[in-house]
Amino acid sequence: MTESTKTHVILLSCGSFNPITKGHIHMFEKAREYLHKTGRFIVIGGIISPVHDSYGKAGLVSSRHRLTMCQLAVQSSDWIRVDPWECYQDTWQTTCSVLEHHRDLMKRVTGCILSNVNTPSTTPVIGQPQNQTTPIYQNNNNMNHTPTAIKLWGKISESLGKICCARPHIERFTFVDENANLGTAMRYEEIELRILLLCGSDLLESFCIPGLWKDSDMEVIVGDFGIVVVPRDGADTERIINHSSVLRKFKDNITVVKDAISHPMAIVSSTKSRWELRYLENGFQGIF
């Protein structure tokens, strides 16, 4: 598959990030690596969305501190950014609403038509209608007209610069009219762009807990968007999927990252990190 025919993906991870750990960043990296290896996807960006303070989780640190920790964690990444929208709302937002917010936002700032997993759009484009003469999006240093991942994420990042807490350095692009001598004809840059929820197998397993998730939300999250799962501690994801009627129904929309190299994904756990900190604090107190 050529780059323009592959599905361009933005990975979105929701959670408390209380605190964020190296494991969370590793989860993004492993997911991107695996999706690229399939030959069907190009991951053009990652978004970390910390939960609102009113989530009600015991011991939840203020979003101001959690956002700062997340910014520091991704400061060396050129493709993962932190988004404060969820924290800045008046109250807690569902995972479903966060996904829908980012989908609608990407529609506005990229000009793309983002489609659901099961109802792909026939016109997912970046460009201008044929009856307009506005120049299309191009790299003025390279007249290659292929819609590369860096072009798209660069445009998104620049447009979102005023509302994002952390934004990687991206090469600047300008608009160039490649069809100036071709009358009114305009060539569309066609790509397919989707936002996928990135999570660990613990969140996937939570879908199986009766009453924890609304069925309608699960249908949207798994059915319309899709999930990328990075298993933790040898979790049996197939058993988890088969345990839920919704997960079974949309099994094809769930991508499980298979890692040939054993990695202790338990380090993703913020809870275990807090336990370790408390243990160290108590230990030092005992010494002194």
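Residues numbered from 1 in each chain as written. Predicted model: local features only at pLDDT ≥ 70, side-chain atom pairs only at ≥ 80, totals over all residues. Heavy atoms only, no water.

Looking at an unreviewed UniProt entry, one finds the protein named Nicotinamide/nicotinic acid mononucleotide adenylyltransferase 2, with Haplochromis burtoni as its source organism. Quoted verbatim from the Cofactor (unreviewed entry) field of UniProt, the annotation for the protein is "Mg(2+)". (UniProt positions renumbered as here; feature names shortened; annotations may be inferred.)

Regarding the sheet that holds strand β2 (residues 41-50)
Overall, parallel pairing links the 6 strands, which are arranged β3-β2-β1-β8-β9-β10 in an open sheet. The open sheet is flanked by β3 (80-82) and β10 (254-256), the only strands paired with a single partner. When the angles between neighbouring strand axes are averaged without regard to direction, this sheet yields 25 degrees. Bridge analysis of strand β8 (residues 192-200) against strand β9 (residues 227-230) gives 4 bridges, and the strand direction is parallel. Within β9, the position partnered with C199 by the bridge is V229. Here helix α1 (residues 22-38) sits on the sheet in contact with β1 (7-15), β2, β3, β8, β9 and β10, set at roughly 160 degrees to β2. Across the sheet, helix α7 (residues 215-225) lies against β8, β9 and β10, angled at about 130 degrees from β8, the strand it touches most. (Pairing = 2+ DSSP bridges. Helix = DSSP H or I, 4+ residues; strand = E, 2+ residues; numbered from the N terminus. Axes fitted to C-alpha atoms, helices over the stretch in contact; angles between N-to-C directions. Contact = heavy atoms within 4.5 Å.)

Some words on the environment of S244
By the secondary structure assignment, S244 is in the loop between α8 (237-243) and α9 (245-249). Distance in space between the C-alpha atoms of S244 and S206 is 10.0 Å, their sequence separation being 38 residues. Dropping the residues within four chain positions of it, S244 is found in contact with F207, C208 and M218.

Some thoughts on the nonpolar core
In this structure, L204, F207, I221, V222, I227, L247 and I254 are the most contacted members of the largest nonpolar core, which totals 34 residues. Among the nonpolar cores identified, the runner-up in size contains 24 residues, and L35, F41, C70 and V74 belong to it. (Core = buried A, V, L, I, M, F, W, Y, C linked by side-chain atoms within 4.5 Å. Buried < 20%, exposed > 50% of the residue type's maximum accessible area, 1.4 Å probe, protein only.)

Here we look at the packing of aromatic side chains
Applying the stated criterion across every chain yields a total of 3 aromatic pairs. Both rings, one in F28 and one in W79, keep their centres 6.0 Å apart while their planes meet at 75 degrees; by these two values the pair is edge-to-face. Taken together, the residues F28 in helix α1 and W79 in the loop between α2 (63-74) and β3 connect sequence positions 51 residues apart. With relative accessibility at 0%, the residue F28 sits in the buried group. (Phe/Tyr/Trp six-rings, centres within 6.5 Å; stacked < 30°, edge-to-face > 60°.)

Some points on α2
Quick reminder: α-helices carry 3.6 residues per turn. Residues three or four places apart thus point the same way. Between its first and last C-alpha atoms α2 spans 16 Å; for 12 residues at 1.5 Å apiece the expected length is 16 Å, and the two agree. S63, R66, L67, C70 and V74 are the residues of α2 that are buried. For α2, the arc enclosing every buried residue in end-on projection is 100 degrees, short of the 170-degree limit, so these residues lie on one face. Facing away from the buried side of α2, by more than 90 degrees, are the exposed residues R64 and L72. Check the buried side of α2 and you find it contacts α1, β2, β3 and α3 (85-88). (Expected span 1.5 Å × (residues − 1). Arc of directions from axis to C-beta.)

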